[in-house]
Each structure stands twice: as C-alpha cells, then as structure tokens.
Amino acid sequence: MIQAAYERWLNHPNLDPSYKEPLMNMDEKEKQDSFYTTIAFGTAGMRGILGPGTNRINLHTIRKANVGFAQYISEHGEEAKQRGVAIGYDNRHMSQEFAMDSARVLATFGIRSYVFESLRPTPELSFAVRHFHCFGGIMITASHNPREYNGYKLYDEKGCQLVPALAQQVIDRVNAIEDELAITANPSEEQEALITMIGKDVDEEYYKNVLSIQLNPDVNKKAVKIVFSPEHGTANIPVKEIYTRLGYQFVAVEEQCTPDPDFSNTPTPNPEEKGAYELALQYAKREQADIILVCDPDADRMGVGVLHDGEYKVLTGNQSGSVLIEYILSQLQAKGMMPPHPVMFNTVVTSDLGEKIAAKYGVETEKTLTGFKFIGEKVAKYEINNEKQYVFGYEESYGSLIKPFVRDKDAPQACLMLAEAACFYKEQGKTLVDVLHGLYEEFGAYEESQTSLTLAGQEGAARIQEILTTLRTAQPEAIADEKVIRFEDYKECRIVENGKESELCGFTKSDVLKYYLADGSWIAIRPSGTEPKCKFYYCVKGKDIADAHEKTKAYQNAMNEWTK
C-alpha cells in the first residue's frame, strides 16, 4: 500500500514539480512516514511536517482541504460564496504560497476571498473575518511548532475556529475526495477577479480595537522597560506599533524580528519552552528590563518573564493568566465598569487559581474543552442572548483574549494589557511576581506544569492510544499515595466519585482524562490534536510554594511510571 501510494505520487502528471526530487530521494523510512496514512483533517484543521506525501503538508493536501471547505461553503448558497473567505498566513515555509493557492482553489468554485498582502497574526485573521462579514476564514500557520511544520486552520463567520459539529461537515467532504493530485488551482480570468488583496486599512481597524482595551490609559508608561520578541513571527509589526503609539518603553530583540521561516536566531519559537527566552534574557539583563514578552510565530500566544529580586522569572500561562485576571477584574470593579452578569472562560486543563480570583470579584467561570474555539463559541452565544457578559478568557497554553472583537487568542492584546498591568503595579512598588505571590497567600500556593510524551510515527500513535486506554480502564485509587477522589472521562462522558458512576454533561466528547486528588490537586491527560504527543497537565496545591513543588515532582514521577 505504501509503495503504491508513493509511486502514484511520483508518476502523477499533476504532481507539482517541486516535489519530484524530494520523492526520488526518499529512503524507505521516509516513504513509510510520508505515506502510511492520510494526514488527518481534524477539528483543529491540519498541522504536520512539510513535504510530499499523503501524510505531509503540501500544495496537494492543502488543495484537498480547500475543496472540502469550498464544497461546504457552496452548499450554503450564493450569498455564502459572495460573502467569501478571509485568508491569512504566518512566516513559515510555503505559507504565502499555500494562502494564494487556497484563494485560487476557492475562486474555481466562485467563492470570493480577501487575502492579506503579507504575513499577519492569527487574531487579525479572525478580526478580518468579522470586519468583512465573511462566511469563513483560513489561516496558514503551524502556530508554535518547529520550522519543519506548517498547518491550515478554518474559521466560521463569527471569526471563531470551527467547532466540532461544523468541522465534521468539512471533514466528511475532505475525506470523500479520493485523488488530491487531480485537483488544480487554475481559475479563469473572471474567477481570478474574486480574489482581493487586503492590508493597512484592516490593520488600522484592528489597532483601534486593540487600543480600546486599556483600563488605565494614563498610567506612567515610562516606569517599566519591556524587552519584546516576536520569535521571527507575525507579532513584530502590530506589537511595536501599539507600544509606539501609546508611548511604552520597549526594546525589540532585533535578531528575532525578521520573518525568518527557519527561525535562525531562536532555539524554539514556542513560549512554553525555555529556549524561546534565551536571547530575550540577554537583552533584558543588558537593558535592566522589568519584563520580557515573547510571542509565538502566529501571535496568538504570549510568554512572560519578570525581573523579581534581581532574577528573571518566566511565568507559566496559568500564572500570567492569573495576574491578568486580578488586574482586569480589580480595575473593572474599582472603576464601576463590571457588567451585571460577568463571566470568564477557561478550560478543563487550566489552573483552579483563576477561577478562585474570578469568584472574589463576583465573576462566574465556565469551563470548556481545550481549544479556544470552544471559548469563542460561548462568547457568540452570550453575545446573542446577553444572559452573561464576557470579561476574560484564557488557556493554560499562554493564550488569552481581553476583548472579544477577535474570537481567538490574541497576543497583541495580551502584550498591551500585561505592559499596562506592570506599569500600574510598579507605581505601587510591586512586580508581577509580587502580585502572583499575593494571590498565593490569599488562595493557596499552586504549581501548574505540563509534560509531554512524544512518540512519532505509526508505532508512536498506537502507543499513545494504548497508554490512554490503560489509564482509562485502570482508574488508580491513589497517585503518589494521594487518594483519587474523582475521575472524569470526557470521551465516555462519565464521572466516577465515591465508587458511584454518573454522566459527565456539557462537553463535546473528547479524549481527555482527569483525576482529582484529596489535597485539592488534579492531573489531566489528553493526546495533542496537532502533534504526535500525549500531554499531562498538573495543577498542584500546596501549603506553600516549596510544598507544591515537591508534590508536583512526586505526581510527575508517578505518572511516568504509569506510562513506561
């Protein structure tokens, strides 16, 4: 089967010429990984390694996805086709080519498109969908993945990534396409006219909305020095523009400001990993900066480092999210701006600390599955019925949304609000770490962490499923000698508590397991939707920071034993 698929590609008359030589140079292992399956088009779109093959991101697999999306749009009628699709892309290899090719494929179906003239952040793509009243959107990005990757994400008319029910309609159409190599992107001259290039006008509207999130616009912006890095990605221009217009004091990591698809000057573009901060830390020490802000390539995630007691402490996404919650909600309350029925959103793998802070200010918390599309879906629901009013949304993976004129994680918004918070608290003699420690004193010390088991290829995927099956059926009574008091299975929609089983409601079925422990901690496990990984999330509550840290190590060691 693998050899047949390989030869079909190698000898197909429609094969893009750029893929011929890489195919001819493949060894048996490369053939196996490139052709053993068809790259999954899932509820998060597609993400994978670039290259020829059915299990790779390339012009042909992207075209297959676009035909499925085009069929989905066409079935909604002529109005949907005329409203069209906004298309954005990041700095990665082939991103611009995939974006333009997507527009051309859509044009062959008579579907209008609005394509950014150059790379833009994911949140601005979401904004553009809403700005042009499009029927949907496409973002070409692999987010924070290594340079070998690229990806394809779809958005609905609200600027939100497709939720599973809608995504499944596209998936069914994509999976029904048998020959991705037969698809061409050759619109007629009349169809080509359906493609519109967009740029600064949309930028300006997006900037206006970002500037509107300020809560203390008169704060002393010269009090804090910021080191900022876009990690070679799309945050470079918007964040610099916003800071410059408002008068913030910042220094950019210039080596990481070029839109380099090879990420030449960073060990990793992922703010969840230490390597993303290496060069920024050198800048910060030289400049004696107060904070470091690092964005991922498509500018939906933001990592934070803080100078505290002479050392730089990199906050987790849960920690920076908690600080933002404290700042935003305290200021809304102090200024009499809190809406009547405020609600905050986070996910089932996000720390409990944020929920406790929100409750202090009378803000309800609703939890969703991992994926900001679920938060976007809830925002849209309450926008219509106005039963509750949005005040904040965030995930543990460094993604947050301050104001929902965008329906995805928005790093430029987060960069602005974090800078404002740093200036506000510095006037009180506090760092952002001081604020975090104050929250620990108030609500208990939390240590949140994440580990990943990466197992690539066909065997790796099978092993990950084996681990999840074992954990699902074993249901340990204790982890590191701490009693498991509740077990939640989001795939089988069940809860086990005190020996009794009940139904888990309110969530789309998802392969997530969660163990609640007697000390107030929990551990969650889920496979990544975009990478060959099984992820383990730890929210550990201790008497103090040191106690939480020791418990975390014990729980991680226990889970490592389970997954050997």
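Scroll up to find the structure this text is about.
A quick note: this is a predicted structure, and the numbers were derived from the prediction, not measured.

Conventions we followed
Residues numbered from 1 in each chain as written. Predicted model: local features only at pLDDT ≥ 70, side-chain atom pairs only at ≥ 80, totals over all residues. Heavy atoms only, no water. Helix = DSSP H or I, 4+ residues; strand = E, 2+ residues; numbered from the N terminus. Expected span 1.5 Å × (residues − 1). Polar contact = N/O pair within 3.5 Å; in protein donor to acceptor, adjacent residues only side chain to side chain. Buried < 20%, exposed > 50% of the residue type's maximum accessible area, 1.4 Å probe, protein only. Pairing = 2+ DSSP bridges. Axes fitted to C-alpha atoms, helices over the stretch in contact; angles between N-to-C directions. Contact = heavy atoms within 4.5 Å. Disulfide = S-S within 2.5 Å.

## Some details on helix α4 (residues 59-74)
Here α4 is 16 residues long and its end C-alpha atoms lie 22 Å apart, about the 22 Å a rise of 1.5 Å per residue gives. If you check the start of α4, you find a side-chain oxygen 3.0 Å away from the backbone N of H60, and it comes from N58.

## Overview of the pairing of strand β10 (residues 302-308)
Of all seven residues making up β10, seven are buried, and the element is well covered by its neighbours. Burial of β10 is two-sided: the residues M302, V304, V306 and H308 facing one way and the residues G303, G305 and L307 facing the other way are all buried. In this sheet, β10 lies alongside strand β9 (residues 291-295) in antiparallel orientation, the contact comprising five bridges. Pairing of C295 across the sheet is with M302, part of β10. Connecting β9 to the antiparallel partner β10 that follows it, the hairpin turn spans six residues, and A299 within it adopts a positive phi of roughly 60°. Bridge analysis of β10 against strand β11 (residues 311-315) gives five bridges, and the strand direction is antiparallel. Along β11, the bridge assignment pairs V304 with L315.

## Thoughts on the sheet that holds strand β12 (residues 342-347)
The strand order β13-β12-β14-β15 describes an open sheet built from four strands, whose pairing is mixed. The outermost strands of the open sheet, each flanked by one partner alone, are β13 (364-368) and β15 (399-401). Put simply, the sheet's adjacent strands are angled 20° from each other on average, direction ignored. Of the pairings in the sheet, the one linking β12 to strand β14 (residues 389-395) comprises four bridges and is parallel in character. By the bridge assignment for β14, F345 is matched with G393. Packing of helix α13 (residues 317-334) onto the sheet brings it into contact with β12, β14 and β15, and relative to β14 it is tilted by some 165°.

## What to know about the state of the cysteines
Tallied over the entire structure, the rule returns zero disulfides. Counting only cysteine sulfurs, C160 is the nearest neighbor of C134, a cysteine outside any disulfide, at a range of 15 Å. The closest cysteine sulfur to the non-disulfide-bonded C423 is located on C415, 13 Å from its own sulfur. Assessed through its relative accessible area of 0%, C423 is described here as buried.

## Observations concerning the sheet that holds β11
The five strands lie next to each other as β8-β7-β9-β10-β11, forming an open sheet whose pairing is mixed. Looking at strand neighbours, the two that pair on one side only are β8 (249-252) and β11, the edges of this open sheet. Averaged over neighbouring strand pairs, the angle between their axes works out to 25° when direction is ignored. Examined bridge by bridge, strand β7 (residues 225-229) and β8 share four bridges and lie parallel to one another. Counted as the bridge partner of K225 is Q249 from β8. Each of β10 and β11 touches α13; the most contacted strand, β11, lies at about 90° to it. Packing of helix α17 (residues 432-443) onto the sheet brings it into contact with β9, β10 and β11, and relative to β10 it is tilted by some 95°.

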